[in-house]
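# Understanding the architecture of this molecule
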Amino acid sequence: LESLSYDAATGEHVYTERRSSGVTRSNLNDGLIFVPVREPYMCAAGTLLKWKWYYMNSVDFKVWANELQAATRSPDGAEVRACIQGQKQMDVEVRKVRVSPQLAREALAGGTRSFAIVECGYHPERGWEVHRCRPDKHKANYVATMMETLETIIDNVSPVDLCVVCGCPNDCPPALLDYGTT
């Protein structure tokens, strides 16, 4: 955890690894992954615990291009239908999310699809908010993923709770405690 820092200006968490070879690598970080000490790390199923700052929990929704077009024409953007993927790859409308004109243009840029994928986070006072476009994604999250994300939000394990569970309640790294209220 000592390799984790928080940039208040950008609201980003950064993990920096300084190797003995003198090489330094940095990457943006949205949470922590815990793996058992006595088991090999595997990307597939196994014993794995993830933790994220509450505002980093997100769901990828499908939104429709024709509704994004409308958002580009309004100075305040527009509300668009947000869908997740259900059984047999059916779109399940969950709710509407507000998309700014700039984000709508970004979502439509270079695309020939009838939809775009946007990443949304849940804010306790404002509800679901679009954080960014995901041009690298071609499908919305499945219902199960959304439910797991909602359960994580409801559990609301704070950085202090995490430090207590990890056995360092009085020595919680500042970078873990530093988080915005985005």
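Residues numbered from 1 in each chain as written. Predicted model: local features only at pLDDT ≥ 70, side-chain atom pairs only at ≥ 80, totals over all residues. Heavy atoms only, no water.

### Considering the confidence of the model for the protein chain
Let me state the cut-off plainly: Across the chain, each position has a pLDDT score giving the predictor's confidence in that residue, from 0 to 100. Under the DSSP-based scheme used, a helix requires at least four consecutive residues in state H or I and a strand at least two consecutive residues in state E, with every element numbered from the N terminus.
When pLDDT is averaged along the protein chain, the result is 84, and 87% of the positions lie at 70 or above. Looking at the elements of the protein chain, mean pLDDT is at its lowest for helix 5 (residues 174-177), recorded as 70, and at its highest for strand 7 (residues 78-85), recorded as 96.

### Quick word on the side chain of S58
Short version of the rule: Partly exposed residues are those whose accessible area sits between 20% and 50% of the maximum for their type, while under 20% is buried and over 50% is exposed, using a 1.4 Å probe and protein chains only. Under the rule applied, a polar contact is a pair of N or O atoms within 3.5 Å (in protein, one hydrogen donor and one hydrogen acceptor; residues adjacent in sequence only if both atoms are side-chain atoms).
Checked against the element boundaries, S58 lands in strand 6 (residues 58-64). The exposure class assigned to S58 is buried, which follows from its relative accessible area of 17%. Only 3.3 Å separates the side chain of S58 from the side chain of E119, close enough to count as a polar contact.

### Quick notes on the pairing of strand 8 (residues 91-99)
Keep this limit in mind: Pairing between two strands is assigned when DSSP locates at least 2 bridges connecting them.
Two elements, strand 7 and strand 8, share eight bridges in a ladder whose sense is antiparallel. What sits directly across from C83, in strand 8, is E93. Remark: five residues form the turn of the hairpin made by strand 7 and strand 8, two consecutive strands paired antiparallel; K88 in that turn has positive phi of roughly 55 degrees.

### A short note on the nonpolar core
It is characteristic of soluble globular proteins that their nonpolar side chains tend to be buried jointly. Keep this limit in mind: By convention a nonpolar core is built from buried Ala, Val, Leu, Ile, Met, Phe, Trp, Tyr and Cys residues, the set being connected through side-chain atoms within 4.5 Å. Contact criterion: two residues are considered in contact whenever any of their non-hydrogen atoms come within 4.5 Å of each other.
By size, the foremost hydrophobic cluster in this structure holds 23 residues, and its most contacted members are F61, L68, V97 and V99. With near-sequence residues (within four places) excluded, V99 lies in contact with L68, A71, D76, G77, A78, V80, A104 and V130. L4, W51, Y55 and L176 belong to the second largest nonpolar core, which has ten residues in total.

### A look at the sheet that holds strand 2 (residues 12-18)
The strands that make up a sheet are held in pairs by hydrogen bonds between backbone atoms, and each pair lies either parallel or antiparallel. Going by this rule: To get an axis, a line is fitted to the C-alpha atoms, and for a helix only the part in contact is used. The angle between two axes follows their N-to-C directions and goes from 0 to 180 degrees.
As summarised here, the arrangement of the three strands in space is 1-2-3, forming an open sheet in which the pairing is antiparallel. The sheet is open, and its two borders are formed by strand 1 (4-7) and strand 3 (24-29), each paired with just one other strand. The sheet shows a mean angle of 30 degrees between the axes of neighbouring strands, direction not considered. Pairing of strand 1 with strand 2, which is carried by four bridges, proceeds in the antiparallel orientation. Each bridged residue has a counterpart across the sheet, and for S5 the counterpart in strand 2 is V14.

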